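# Examining the three-dimensional arrangement
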Amino acid sequence: MHTSSFVPLLAAQSSLGHYWQKITDRTFSGVYHANGFDLAMMIPYFIVLFILALYGLHRYWLVYDYYAYSKNVPAQPPPVTEWPRVTIQLPIYNERYVIERLVEAVSRFDYPPEILDVQVLDDSTDETQDVARNCVERFAAQGMPITYIHRSNREGYKAGALENGLKGSKGEFVAIFDADFVPAPDFLQLTIPYFMNPSGGAGIGMVQTRWTYLNSDYSLLTQVETILLDGHFVVEHGARSRRGTFFNFNGTAGVWRRKAIEQAGGWQHDTLTEDTDLSYRAQLVGWKFLYLPHIECASELPVDMNGFKAQQARWAKGLMQTAKKILPKVFKANVPWHVKSEAFFHLTANISYPLMVLLSTMLLPAMIVRFYQGWIQMLVIDLPLFLASTCSISSFYLVAQKELHPKSWYRTFLYMPFVMATGIGISVRNAQAVIEAITGKKSEFARTPKYNIAGKQGSYARKSYRNKAGWMPYAEIFLGVYFALTVVYAVANENYATVPFLLLFVWGYLYTGFMSLGQIYLANLRFEVETSPEMRPAASGAPGF
């Protein structure tokens, strides 16, 4: 063997030896003393990190509950002898690309038509009115029990439309589907029996099914969205329903007992998440909820970054508004402590977003200060907090994929850096939404654009309904550049252990920022990955961090 072959090995050993010596060097131990600036940096830094770690530990607790109470799942109800009357509500607002797909799916329902009422609740302000009206007239002429209800004022947004529809409805039960959903023909045949079960069915106020996705393999963004939503529907809903704590109706793909809606105070529109608000009010007055993950309902994921960010911000703001409204009632209610604590973590989880932005601005000065304090302190104090707040995210979503895809879940490891980076990238927009909710600033219900896209087919580039980017992408790009400089500083000071974590911030902020601008100003730009994981129209399949 040639002597030259040992040169790379000797160089590597020399570099590792130098790095280890730097970590363990105690020459200047005890010399450093914190000053006022250091304390001003480190105290808020550790407070933020500690709070994020608490919410991270809560994710671990949800995973524990999911497995610990795995036997607490609803039993199969007996066959129904007499089917009840059901009202199906289809709330839409400027949905000209998907309304016909939705109505056609509902027309195929395997349910007695004489005890079925279908309402298209249209608040549209564009040509969707004509498309929807013509669609309803066409299917009504074929014998479908469907009516078209249009409002011109859009008061109360979706909650107002649902409440208005209830006034003229006849159903004992109410099934709700958003415009981008495609329910299977047997949806009511599978869900209604749980309400009719002689063993406890009379106390059930709502059943929620699991979302699946028509276009999960459309792009890298939709792959990430799939993982995020699967985490919510598998682990969050699964853990809460199995443990017996409160969980929420997701606004669509579920069925309500009308009496539960009325006893809870009806649909109210003082929050942007009217579904979660009503869910908690109904459970506080004693109604039980069922989560049925084996019943699936296909949906369309947002394919443009600005639409995705608008959706996530609406959920983040709405949950915080609901927390302000509902948590005082939960704390006063006669329910177990674990129900109250889970409600607190559930409704306030989005406080992590402004904390994440705050942590972002403090990382560089904190890194400088911690560098002079020594490596041992960083390993003993910083590392456990970082693991609690960040690694819990990976475990949370990996568990969900393992439950759904036991043979191929390991592929999710490849997407986890993108999942974490995207969560970081949308933190600026969501932080603004959370702060608006805390300060009481009102805003309109920002709809999520739908383009009738399934699989990898179709494009949104030449279609309407695009959300505006505003100033937010520039702030995200600024933070991305800031973290790129932080990476340079870390490498220059041989702080290599922090580089992978910092790169998540660089990628997250730059990805969301440039995608937002690119999809506004370059309509044909599309960042896409050529992968072919299993499609999930009506088979297999958060809000978020």
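Computed from a predicted structure; not experimentally measured.

Parameters and conventions
Residues numbered from 1 in each chain as written. Predicted model: local features only at pLDDT ≥ 70, side-chain atom pairs only at ≥ 80, totals over all residues. Heavy atoms only, no water. Helix = DSSP H or I, 4+ residues; strand = E, 2+ residues; numbered from the N terminus. Areas by Shrake-Rupley, 256 points an atom, 1.4 Å probe, with all protein chains shown as cover. Core = buried A, V, L, I, M, F, W, Y, C linked by side-chain atoms within 4.5 Å. Buried < 20%, exposed > 50% of the residue type's maximum accessible area, 1.4 Å probe, protein only. Contact = heavy atoms within 4.5 Å. Polar contact = N/O pair within 3.5 Å; in protein donor to acceptor, adjacent residues only side chain to side chain. Axes fitted to C-alpha atoms, helices over the stretch in contact; angles between N-to-C directions. Parallel < 35°, antiparallel > 145°, perpendicular 65-115°, else oblique. Left-handed = near helix turned anticlockwise from the far one by under 90°. pLDDT = per-residue confidence, 0-100. Phe/Tyr/Trp six-rings, centres within 6.5 Å; stacked < 30°, edge-to-face > 60°. Lys NZ or Arg CZ within 6 Å of the ring centre and 35° of its normal. Nonpolar A, V, L, I, M, F, W, Y, C, P; charged D, E, K, R; others polar. Pairing = 2+ DSSP bridges. Salt bridge = Lys/Arg side-chain N within 4 Å of Asp/Glu carboxyl O.

Helix and strand counts for the protein chain come out as 17 helices and 8 strands. Only carbon and sulfur atoms are counted for the fraction: they give 62% of the accessible area of the protein chain, which is about 23400 Å².

Looking now at the nonpolar core. Counting 70 residues, the largest nonpolar core has I88, L188, W256 and W267 as the members making the most contacts within it. Sort the elements by how many residues they give to this core and strand β8 (residues 288–299) lands first, with 6 residues. Setting aside residues no more than four positions away along its own chain, W267 makes contact with A159, L162, E163, L166, I176, F249, W256, I261, E274, D275, L278 and R281. Residues L221, V234, M305 and V487 belong to the second largest nonpolar core, which totals 59 residues.

Right, let's talk about the environment of R151 for a bit. Among the secondary structure elements, R151 is positioned in the loop between β3 (146–150) and α5 (157–167). For R151 and T125, which are 26 residues apart along the polypeptide, the C-alpha to C-alpha distance reads 9.4 Å. Contact partners of R151, with chain neighbours within four places excluded, come to D122, D123, Y157, G160, A161 and N164. Engagement of the side chain of R151 in a polar contact is seen with the backbone oxygen of E155, the distance being 2.7 Å.

Orientation of helix α10 (residues 305–332) relative to helix α11 (residues 337–348), taken along the N-to-C sense of each, is 165°, at an axis distance of 9 Å. Compared by their axis directions, α10 and α11 come out roughly antiparallel. Between α10 and α11 lies a crossing whose hand is left-handed. Along its contact with α10, which presents L319, M320, T322, A323, I326, L327, V330 and F331, the element α11 presents K340, A343, F344, H346, L347 and T348.

It is generally the case that most residues other than glycine have a negative phi and that most peptide bonds are trans. The backbone of R154 shows a phi angle near 55°, a positive value even though the residue is not glycine. The residue A253 is not glycine, and still its phi comes out positive at about 60°. When you line up the elements, A253 lands in the loop between α7 (220–243) and β7 (254–257). Overall, the relative accessible area of 0% leaves A253 in the buried class.

Another aspect to go through is the confidence of the model for the protein chain. Confidence along the protein chain averages 85 in pLDDT terms, with 82% of residues attaining 70 or more. Scored below 50 in pLDDT, residues 523–545 makes 80 contacts in the model with residues more than four places away or belonging to other chains.

Our focus in this paragraph is α5. Turning to α5, its buried residues are K158, A159, G160, A161, L162, G165 and L166. Where α5 is buried, its residues contact β1 (86–92), β2 (116–122), β4 (173–176), α8 (258–263) and α9 (274–284).

What follows deals with the packing of aromatic side chains. Within the structure shown, the criterion is met by 26 aromatic pairs. Consider the rings of F246 and Y280, whose centres lie 5.7 Å apart with planes at 80°: the pair is edge-to-face. On the criterion of sequence distance, the pair formed by F246 in the loop between α7 and β7 and Y280 in helix α9 is long-range, its members being 34 residues apart. A relative accessible area of 0% places Y280 in the buried class. With a centroid separation of 5.6 Å and an interplanar angle of 80°, the aromatic rings of F344 and F345 are classed as edge-to-face. Exposure remark for F344: the relative accessible area of 34% places this residue in the partly exposed category. Here a set of aromatic residues connected by ring pairs shows up, and it is made of F247, F249, W256, W267, F289 and Y291. Across the ring face of Y66, the terminal group of R242 is positioned such that the distance to the ring centre comes to 4.0 Å.

What follows deals with the packing of α10 against helix α15 (residues 427–439). Running from N to C, α10 and α15 point in directions that differ by 30°, and their axes come no closer than 8 Å. On the basis of their axis angle, the class for α10 and α15 is roughly parallel. Where α10 crosses over α15, the handedness of that crossing is right-handed. Contact residues: K309, Q312, A313, A316, K317, M320, Q321 and K324 in α10; R429, N430, A433, V434, E436, A437 and I438 in α15. Here the contact of α10 with α15 is composed, by residue class, of 7 nonpolar, 3 polar and 5 charged.

Across the two faces of β7 the burial is the same, with G254 and W256 and V255 and R257 all buried. The pairing of β4 with β7 spans 4 bridges and is antiparallel. Of the residues in β7, the one forming a bridge with V174 is W256. Pairing analysis gives 3 bridges linking strand β6 (residues 204–213) to β7, with the strands arranged antiparallel. In the sheet register, M206 faces β7, and the bridge partner there is W256.

If you trace the 8 strands from one edge of the open sheet to the other, you get β3-β2-β1-β4-β7-β6-β8-β5, paired in mixed fashion. With partners counted over all chains shown, the strands left at the sheet margins are β3 and β5 (181–182), one partner each.

As a further point, take the pattern of salt bridges. The full count for this structure, using the stated rule, is 21 salt bridges. Among the salt bridges present, the one from R85 reaches D117, with a minimum N-O distance of 3.0 Å. Of the two residues, R85 sits in the loop between α2 (36–68) and β1 while D117 sits in strand β2, which places them 32 residues apart along the sequence. With its nearest N and O atoms 3.9 Å apart, the salt bridge here joins D126 to R96. With a gap of 30 residues between them, D126 in the loop between β2 and α4 (128–141) and R96 in the loop between β1 and α3 (99–107) connect regions that are remote in the sequence.

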